[in-house]
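# Tertiary structure, described
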Amino acid sequence: MFARIPHGSRSPRGALAVLLALASLLLVSCGGGSSSGSALPAGSTAFSGTTIEGASFDNAEAAKGPEVLWFWAPWCTVCRAESGDVADVAASFKGKVTFVGVPGRGKVPEMRQFVSETGTGGFQHVSDASGDLWKQFGVASQPSFVFVDAAGHATRVTGSLDAEQLTKRVSALRAG
């Protein structure tokens with residue numbers, strides 16, 4: 001898979017090419033997606049799991065109306081950067097739209113630390129260390145969002161959303 005480069009023939013240009021390739025790979029796996037939405041199959045939004053605090057969680061019981069699922073990873077710098085906007089928008093719609101964080105690709109203590117450091121503890125976070133929920137919702141990279149309207153129709157958005165974009169989408173959930 002990898003070609004062996006004889007010692008002494010490595011060039012700074014080659015090293016730069018490798019670094020650029022790695023950087024672009026990181027962008028694709030951490031927030032490099034688009035913010036256009038794609039519909040999910042009807043009836044595919046029910047799930048249960050365990051919160052990062054160890055409590056049982058069932059979104060059918062937790063969701064009272066529209067729901068926003070935020071898929072993030074504890075090591076994702078893009079997720080960390082958008083976390084303040086997510087926390088603010090979640091707080092502004094509290095009692096009207098249910099927000100649920102779905103952290104994956106990490107360990108639970110790292111997930112708890114992320115929530116503590118980012119101020120995103122105003123809503124539940126369901127651990128998905130196994131990746132089953134990410135797979136159920138067709139999430140391949142973080143951050144991603146799934147917006148579920150009151151009728152259960154869901155739209156997935158891959159990529160970061162700022163406060164204005166997120167507010168617009170959550171407002172549309174409430175109107176629809």
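Quick summary incoming for the structure in this document.

What counts, and at which threshold
- Residues numbered from 1 in each chain as written.
- Predicted model: local features only at pLDDT ≥ 70, side-chain atom pairs only at ≥ 80, totals over all residues.
- Heavy atoms only, no water.
- Axes fitted to C-alpha atoms, helices over the stretch in contact; angles between N-to-C directions.
- Helix = DSSP H or I, 4+ residues; strand = E, 2+ residues; numbered from the N terminus.
- Left-handed = near helix turned anticlockwise from the far one by under 90°.
- Contact = heavy atoms within 4.5 Å.
- Phe/Tyr/Trp six-rings, centres within 6.5 Å; stacked < 30°, edge-to-face > 60°.
- Buried < 20%, exposed > 50% of the residue type's maximum accessible area, 1.4 Å probe, protein only.
- Arc of directions from axis to C-beta.

### Brief notes about the packing of helix α3 (residues 77-92) against helix α6 (residues 163-175)
It is at 9 Å that the axes of α3 and α6 come closest, and there the two elements cross at 35°. Of the two elements, α3 crosses α6, and the hand of that crossing is right-handed. On α6, the residues touching Asp85, Val86 and Val89 of α3 are Ala163, Leu166, Thr167 and Val170.

### Let's talk about the packing of aromatic side chains
Per the counting criterion, the structure on display carries ten aromatic pairs. Between Trp72 and Phe114, the ring centres sit 4.1 Å apart and the planes meet at 20°, which makes this aromatic pair stacked. Here Trp72, found in strand β4 (residues 67-72), pairs with Phe114, found in helix α4 (residues 108-118); they are 42 residues apart in sequence, far enough to count as distant. For the pair formed by Trp72 and Phe114, the shared burial category is buried. An aromatic cluster of three or more residues is present, and its members are Phe47, Phe57, Phe71, Trp134 and Phe137.

### A word on α4
Those residues of α4 not exposed but buried are Met111, Phe114, Val115 and Thr118. The buried residues of α4 occupy one face: seen down the axis, they fall within an arc of 95°. In α4, those exposed residues whose orientation departs by more than 90 degrees from the buried face are Pro109 and Ser116. In this structure, the buried side of α4 is in contact with β4, α3, β5 (98-103) and β6 (124-125). Of the residues one or two after α4, Gly119 is the one with positive phi, at around 70°.

### Details of unusual backbone geometry
Cis geometry is found at the peptide bond from Gln142 to Pro143, where omega equals -10°. Along the polypeptide, Pro143 turns up in the loop between α5 (132-136) and β7 (144-148). For Arg105, which is not glycine, the phi dihedral falls at a positive 55°. Residue placement: Arg105 occurs in the loop between β5 and α4.

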